[in-house]
Amino acid sequence: MELFSKMITLTLQLSVPIVLGAMCGTIAERGGIILLGVEGLMLLGAFTGVLGSHITGSAYIGFLFSVAGGAAFGFLYTVFCLKFKAHQSVVGVGVNMFASGITAVLLKVFWNREGMSDPVATIPNVTVPIISEIPVIGMLFKDQSPYLYIMVLIVAAVWVVFYRTRIGLRYRAIGEQPFAVQTSGINVNRYRYVAMTFAGIVAGIGGSFLSLSQNNLFVIDMTAGRGFMGLAANIFGGWNPIGSLLAGTVFAVAQAVRFYVSDLGVPIQFIQMLPYAVTLFILLFVGKKAKGPEALGKLVK
Amino acid sequence: GCGSKAPTTPSGIEASKPSESQTAAPKDFKVGIIFTEAGLGGQSFNDLAFEGVKKAATDLGITYDYVEPKSVSDEAIVQEDMASSEEYDIIICVGAEQIDALKKVAANYPEQKFALIDANLELPNVACYTSKEQEGSFMAGALAALLKQEKVTDKVSDGNTVGVMVGVNNPLLNRFVAGYTAGAKYINPKLEVLVDYVGGFGDPTTAKNIATTFNSKGADVIFHAAGASGMGLFQAAQEKGFVAIGVNLNQNGVAPDNIVASMMKRVDSSAYHAIESTLNGEFKAGLKVMGLADDGVGLNMEGSNIKLPESVTSKLDEIKELVVSGKLVIPAKIEEVNSFLESNKK
Amino acid sequence: MSEATKKRATIKALSALGDFGNSLLSVAIAVIIGGLIILAIGENPIEAYTALIEGSLGNARSIANTFSKSIPLAFTGLAVAMANRGGMLNIGAEGQLHAGAMATALVALALPGLPVVILLPVCIISGVAAGMLVGFIPGYFKAKKQTSEVIVAIMLNYIVTLFMSFLVNGPFKAEGSVSQTNAISEGLMLNKLIENSQLTTALFILLAVAAVQYIFLWKSAPGFQLRAVGSNPSASVSAGMNSKKLMIFSMSLSGGIAALAGVTEVLGKYGRYIEGFSPSFGFTGIAVAILGRNHPGGVLVTSLLFGILDTGALRMGRVTNVSANIIIVIQSLVILLVSAPEIAKMIRRRG
Amino acid sequence: MPIIDMRQITKRFPGVVANDKVDFQVEKQEIHCLLGENGSGKTTLMNVLFGLYHPEEGEIFVKGEKVRINNPNDAYKLGIGMVHQHFMLVNQMTVLENIILGNECGNFFLDRKASEDAVRDLITRFNFKLDLNQKIADLSVGMKQRVEIVKTLYRGADIIILDEPTAVLTPQEVADLFVILHQLRREGKTIIFITHKLNETMEMSDSVTVLRKGVKVADLKTRDVNENDLAAHMVGRQVEHIVSDSVDSYGEVVLSIKDLVLNDKTRVPVNLQVRAGEILGIAGVEGNGQQELEELIIGTMPVSSGTIEINGKDITRRPVADRKDMGIGYIPADRHKNAILSNFSIIENYLLGYQKDKEYVKNGFIDYKKLESDTDRLVREFNAKVADIGDPISSLSGGNQQKIVLSREVSHDPVLVIAAQPVRGLDIGAIEFIHKTLLRLRAENKAILLISAELSEVMNLSDRIAVLYEGQVSAEFPRGKYNQEQIGLFMAGKAEKEVGA
Ligand SMILES: Nc1ncnc2c1ncn2[C@@H]1O[C@H](COP(=O)(O)OP(=O)(O)OP(=O)(O)O)[C@@H](O)[C@H]1O
Ligand SMILES: Nc1ncnc2c1ncn2[C@@H]1O[C@H](COP(=O)(O)OP(=O)(O)OP(=O)(O)O)[C@@H](O)[C@H]1O
Ligand SMILES: [Mg+2]
Ligand SMILES: [Mg+2]
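Residues numbered from 1 in each chain as written. Chains lettered and ligands numbered in written order. Predicted model: local features only at pLDDT ≥ 70, side-chain atom pairs only at ≥ 80, totals over all residues. Heavy atoms only, no water.

Chemist: When you look at the overall build of chain D in this model, what are you seeing that I'm missing?
Modeler: When you go through chain D residue by residue, the secondary structure sums to 17 helices and 23 strands. Taken against the 2.2 N^0.38 rule, which gives 23 Å for 501 residues, the C-alpha radius of gyration of chain D at 24 Å falls within 12% of a compact globule. Overall size of chain D, expressed as C-alpha extent along the three principal axes, is 70 × 50 × 50 Å. Once local pairs closer than 6 in sequence are excluded, the contacts in chain D between residues at least 24 apart make up 66%. With an accessible surface of roughly 20,600 Å², chain D has 47% of that area assigned to carbon and sulfur atoms. Of the charged side chains in chain D, 61 are positive and 72 negative, and the gap between their average positions amounts to 1 Å. (Helix = DSSP H or I, 4+ residues; strand = E, 2+ residues; numbered from the N terminus. Rg over C-alpha atoms; globule rule 2.2 N^0.38 Å. Contact = heavy atoms within 4.5 Å. Areas by Shrake-Rupley, 256 points an atom, 1.4 Å probe, with all protein chains shown as cover. Lys, Arg positive; Asp, Glu negative; His and termini not counted. Charge placed at Lys NZ, Arg CZ, Asp CG, Glu CD.)

Have a look at this one:
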């Protein structure tokens, strides 16, 4: 039971960056913008978060920095995609590379260090009073990163906005048939800018989870592929907030298992493969049609 | 150490007695240093070697250029480029992966002096330095076992589990694993040593997850050789209240309540030595192995708030003596640990 | 008729030239922004760029090295371009080139007795075959089960590189502290074209592959089919093509070409498989392909640009205090700006 | 006072003057046809009115006031709505969602109930039959169009522009549409109706404006003219009416379909034969198995039951390529999806489907010389308006694209030509040409399967007519043994199955 509860906690932690990465992808791609740059956006968020915490000494302001940084980079990303009409997949590759390079350069500028930042104030885990005492369910509320709750809120909010609001209806329509939406007099690009800015914020939060909640510093390339996993979870989850949440959780379970079987005597590389192999297995044999929003990559004037 | 909190100046350098005649250093003595493709950052041996060079710059007044190649093949280009420029009095190549290239370049430029760190190459113009990481790690493993045996702090339990994680599964890092495992089990054969590989040097999050998992399986002394990933271990140690052992340079200051010691690997003194000896006209080709005996590796407890009792320190000194004297030959490969333990049963 | 053909050729050439001009302008903007960043961190951009040019084009050896550095990128670029033409996004070139490199090294080690004239082609072919196999998988599942080739390839990248890591640290580990296989025989290595540089006959392999790819895509019937399926699968099916086979075919071909990036690194530079030898050639290849307009010629030019930046960065890092990371930033800016021709157009309109 | 008064509108595109000083007036509560051949500038003019294009010159008055229409929102504010030729609908969403898109009830949250009530009011008032919760993807073309019309009404339009609304409709759907339009007019709406079909213009419009090559050539009251006058205005000459003459004897059976199941639900077997030198017309409302029929014969859909033979050879299980090799020329109903590579050159489009033909491919390599000279010849022969055969085919108008497809499919000496909806969306000139070509092929002893939703086309050209209803042949008539009403009944499923002699 003890072990089980620890595994649950671990899984929840592992799921946060993947699910947030997936949500970033879902938000962007449902509006028709191909987002291969989740990894880079997350890394930039991780960096701006630490920078904010470093400058102000407050981790919470650091969090706000990661939100602002995510928003700014999400917006710039869209400028390239929409205003400059760049090839969207290439923007992704470019942003990932840019994030890796610029954060390394800035480490030197702000801390005069290579490879990692100084430690900064972090956002502590929280235990929700009362609820955490409930058996079984309680452990979901015991000593958890507040990011976990933020993640759930984001997923819920995106779901509500997508499926219960006027702008959500329009936005989903934009991803399928932007011309139809445009001819009904809606400024398609404005919606895309706003949504992408939010996608950037979500990625930024995913990044600062790694640097401000899981750790207390920035390390170059510390996202270590989580953005790509998120991207995969978004596709696997069918470009849908709930799907992304579930897919992200599935990947997290596969990753959690990896930590518990590393002493089985199997060469470690096979253990490390586990999350990817499980994903692949599910994809190939359980099957999942790859049908994204119809207008993915399509621009309007 | 992590920034302001920990001393970044490696203390191994004092041992090599910096030349007092630094004022006499020729103005134009220039050093070239080529790192591995992993580059600087994360307190790897690249950073350590760099510390040695920077120290030499302050102490000896030399100047230096450095290059962080992006791939292994870049290292060859830079070697060739530096050697052919004839600007450098010595070129320091870090990492065993540079051997293949250096073999050719050093032969092509017989007048050029080279130092090779972490590998051995027998050429008349190459001075080589390797470390016996397994010996230092052995001490770390012994320390881990002793901490538990002697109940040095209430951060350790009665259980029989300790852990070690390294960046990736490769022969160099497995020396740390082998030494640590041998050391722990040498003291207490009943100990179980958990081993895991982070999968990279820049992923503190995974390292932290490994550490918490180790901890949930009962391990409460955990050693790492995982570069910047190791920061996740320290973070976990602080959150969960267990003991960690640092690596390469003195990381004790990062979390002084939880890091009991760091296993120093004094690549910096190798680099410093290479520069100093060349400067003094004493450049000597051949291999210099830095083990416990030469203080090339070893434990450093300075700065930790976990104070070791006499019983532990004396035991550590005792073991160190056995290793230095050659009575204990520490295995460098994981496969050899068992036979080592067989033949050294107490 | 031939008049019209000529006119057509001229128009095409002119528009290509215009494209090229825009790309050059974009590169120039990236370089200027990079210069501003260098200035901001307190270094001298002129010095830095002089070093960059000297380091990449300063003498015969550095030019040769520039070419040699562009070779793996050109291969991955060609690979991704091939898949793109077939309507598939090959994000798996990284895994494919690792598989190719390993297969080549292992075959070379397994058959040491064979004469070079036989062994060399066998090594290359096995490398290509390994890459094709890794490329085949996402192609197959896309064709048969409509699984996104992108996720399958992302997952395969991790799985393949981890598997290679297992091989090179386990059964095929060489003695010593580096994760690598044993060295293959010297005689098997590709010949150097310029003394003391890294440029080998891999260049000829590259040029041959690029030429064959061009001829295949635009002169041959199977190439036409591949492009047709990439452009409009349902019309291609109605026209009697087997779109599934062609999808698998294009991904496999792409995998085989990507593998050559690994094969030539092993046979030209390392003489063995070394863990971590590829600084993301596969991912950069995506940018190279698209910036090169999925055309072999464009890919060659683009990869050369990347080669210049990569090689020059080494000297720039050495003689100035500008770190290698700045070059990564500049490269990413090149990618971003060249992928957005509108920027150059806007500037031209104003200027 | 006209409700719409466009004066001296000029709109240029690179290389063309799409509208050249066009004057265009529409009276309130009339149905006004805008007539013209392909590329004459009809859509452009209406896009100007709807705010999608901005004219270089000219002014617009709506309800007597001078206005500037910068975007569709401005147009809607003036009460102008437009149904585009290519539907602007989101396939993945429901009818309701599509109608309210951009004008939903609710503040931040979507008030589905209120929106639904509002829409339901509208559809009962105008007597539209629409299931609001159906997905657009599941609707027939006619239904989609209804959704588009409701969309404009929902947004308060009282001037509704319809761009070629009938091009893709079945005769029944056209009739339904006309009922709706008349209803709208009664309710006080003004309708602008773009078309190039003369009979429709005559049947339903109050007045007509004719454009030719961007210039207004006529504006008339419909009651003052006849079809021939309109045609003359449109094309600038008299137009032939093409009807096939009867033939005494036909050749061998080329296509033979036995017990073929088109509809996997009803599973009624279909039997058909087409002989050399014969045109078999397949009449029927679209969606009754036409698509399946063409796909099963060409092989892009697997046969679940039954056999297909060409010249006595069983091809039921053969791949598409083999069938094409045996000499099937194929003009699919959906040319953009199934017959062209839009961004490929016209030359390369001539290779599509013949990529293995020895004529063009030798040892795996394409003989571009031969291909180019054939392209050049065919483009000329078929009178396609092409600036340069190296241009992408997407630069051509639909009619010209169709000519390319047709010329490609008939130039390889086929034994059988499947022509599905071959003149959809084309203007009189192009239709005339394509029909002449089909008759020429018949004279050359080819077997021709003509699938068309346009009853007049089938009746004018066919030697025999089979009617498809719900995946089965509900009737088969030899030449001269039918009349329009009879066929109409079978098309609507209102008559018993009958197979004539
Ligand atoms: N967006 C555009 N850019 C450039 N040229 C255009 C554009 N739209 C239309 N044209 C050109 O303007 C002319 C008029 O086109 P328009 O679409 O208005 O014709 P149309 O009468 O609607 O024809 P159709 O019957 O084919 O729908 C044509 O020559 C066409 O090539
Ligand atoms: N963006 C554009 N640029 C250039 N030409 C255009 C553009 N959009 C439309 N056209 C031209 O406008 C003409 C009519 O366009 P439209 O979209 O009505 O074609 P279509 O409906 O396929 O043709 P048809 O009505 O004959 O079936 C064509 O000649 C087409 O080439
Ligand atoms: Mg049209
Ligand atoms: Mg039109």
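Picking up where we left off.
Chemist: Just to check I follow, could you spell out the arrangement of the chains for this structure?
Modeler: Contacts are most numerous between chains A and C, considering all five pairs of chains that are in contact. Over all C-alpha pairs, chain B and chain D never come within contact, reaching a minimum spacing of 39 Å.

Chemist: Quick question: what am I supposed to make of the site of ligand 1 here?
Modeler: All names here are of chain D. Around ligand 1 there are 15 residues in total, and Gly39, Gly41, Lys42, Thr43 and Thr44 lie nearest to it. At 2.8 Å from an oxygen atom of ligand 1 is found a main-chain nitrogen or oxygen belonging to Gly41. Interatomic distance of 2.4 Å between a side-chain N/O atom of Thr44 and an oxygen atom of ligand 1. When ligand 1 is considered free in solution it has 630 Å² of accessible area, and contact with the protein chains removes 67% of it. With three residues, the top contributor of residues to the shell around ligand 1 is helix α1 (residues 42-49). (Near = heavy atom within 4 Å. Polar contact = N/O pair within 3.5 Å; in protein donor to acceptor, adjacent residues only side chain to side chain.)

Chemist: I'm lost on the nonpolar core in this one. Help?
Modeler: Considering soluble globular proteins, one finds that nonpolar side chains tend to be buried as a cluster. Counting 332 residues, the largest nonpolar core has Met6, Met46, Leu49, Ile80 and Leu181 of chain D as its most contacted members. The element that contributes the greatest number of residues to this core is helix α6 (residues 149-169) of chain C, accounting for 15 residues. Residues contacting Leu49 of chain D, with those up to four places away along its chain left out, are Ile4, Met6, Ile60, Ile69, Ala75, Ile80, Ile161 and Ile192 of chain D. In terms of nonpolar packing, the next biggest core, distinct from the first, is built from 51 residues, Val168, Phe176, Phe223 and Val337 of chain B among them. (Core = buried A, V, L, I, M, F, W, Y, C linked by side-chain atoms within 4.5 Å. Buried < 20%, exposed > 50% of the residue type's maximum accessible area, 1.4 Å probe, protein only.)

Chemist: Explain the sheet that holds strand β1 (residues 4-13) of chain D here, please?
Modeler: Strands belonging to one sheet form pairs held by backbone hydrogen bonds; the direction of such a pair is parallel or antiparallel. All names here are of chain D. Strand order in this open sheet of four strands is β2-β1-β4-β5, and the pairing throughout is antiparallel. Both edges of this open sheet fall to β2 (16-26) and β5 (65-67), since each of them pairs with a single strand only. When strand polarity is set aside, the average angle formed by the axes of neighbouring strands in this sheet is 30°. As judged from the three bridges shared by strand β4 (residues 57-62) and β5, these two strands associate in the antiparallel manner. Within the sheet, the bridge partner assigned to Val62 lies in β5 and is Glu65. (Pairing = 2+ DSSP bridges. Axes fitted to C-alpha atoms, helices over the stretch in contact; angles between N-to-C directions.)

Chemist: Help me understand the site of ligand 2, please; the structure alone is not making it clear to me.
Modeler: Residue and element names in this part refer to chain D. Close to ligand 2 lie Asn38, Gln85, His86, Glu164, Arg335, Ser394, Ser395, Leu396, Ser397, Gly398, Gly399 and Gly425, which account for all nearby residues. In the model, an oxygen atom of ligand 2 is placed 3.5 Å from a nitrogen or oxygen of the Gln85 side chain. In this structure, Gly398 approaches ligand 2 through a main-chain N or O atom, which is 3.0 Å from an oxygen atom. Expressed as a share of its isolated accessible area of 610 Å², the protein-covered part of ligand 2 is 50%.

Chemist: How should the interface of chain C and chain A be read in this particular structure?
Modeler: Across the contact, 42 residues belong to chain C and 41 residues belong to chain A. When chain C packs against chain A, close to 3,800 Å² is buried across both sides, 82% of that on carbon and sulfur atoms. The interface formed by chain C and chain A includes two residue pairs in polar contact (both at pLDDT 80 or more). Put simply, the parts of the chain that give the side of chain C that touches chain A at least two residues each are α5 (116-145), α6, α11 (281-291), α13 (324-338) and α14 (341-350) of chain C. (Buried area = accessible area lost by both parts, 1.4 Å probe.)

Chemist: Can you walk me through a nonpolar patch on the surface in this structure?
Modeler: There is a patch of nonpolar side chains on the surface, built from Ile55, Ile61, Phe65, Val109 and Phe110 of chain A together with Ile41 of chain C and spanning about 470 Å² of accessible area. Where the nonpolar patch is concerned, the elements lending two or more residues are α3 (59-83) and α4 (88-111) of chain A. Relative to the helices and strands, Phe65 of chain A is located in helix α3. Judged by its relative accessible area of 31%, Phe65 of chain A falls in the partly exposed class. (Patch = residues over 30% accessible without salt bridge, like charges linked within 9 Å, V, L, I, M, F, W, Y side chains within 5 Å. Salt bridge = Lys/Arg side-chain N within 4 Å of Asp/Glu carboxyl O.)

Chemist: What is the right way to look at the UniProt feature "transmembrane region" (unreviewed entry) in chain A in this model?
Modeler: All names here are of chain A. Mapped onto this numbering, the UniProt entry gives "transmembrane region" (unreviewed entry) at residues 31-52, 59-80, 86-111, 147-163, 193-212, 243-261 and 267-286. Note that residues 31-52 is 68% helix and 0% strand, and that its end C-alpha atoms are spaced 30 Å apart. For the annotated span residues 147-163, helix accounts for 100% and strand for 0% of the residues, and the straight-line distance between the end C-alpha atoms is 24 Å. (UniProt positions renumbered as here; feature names shortened; annotations may be inferred.)

Chemist: Is there a simple way to explain the UniProt feature "domain: ABC transporter" (unreviewed entry) in chain D in this structure?
Modeler: Those residues carrying the UniProt feature "domain: ABC transporter" (unreviewed entry) are residues 4-238 and 242-495 of chain D in this numbering. Counting secondary structure, residues 4-238 of chain D comes out at 34% helix and 27% strand; the distance between its end C-alpha atoms is 31 Å.

Chemist: Can you walk me through the side chain of Ser205 of chain D in this structure?
Modeler: All names here are of chain D. Assignment of secondary structure puts Ser205 in the loop between α7 (198-204) and β9 (207-212). Among the polar contacts listed, one links the side chain of Ser205 to the backbone oxygen of Thr201, at a separation of 2.6 Å. Among the polar contacts made by the side chain of Ser205, one reaches the side chain of Thr222 at a distance of 2.8 Å. What Ser205 contacts, discounting residues up to four positions off in sequence, is Ile31, Cys33, Glu200 and Thr222.

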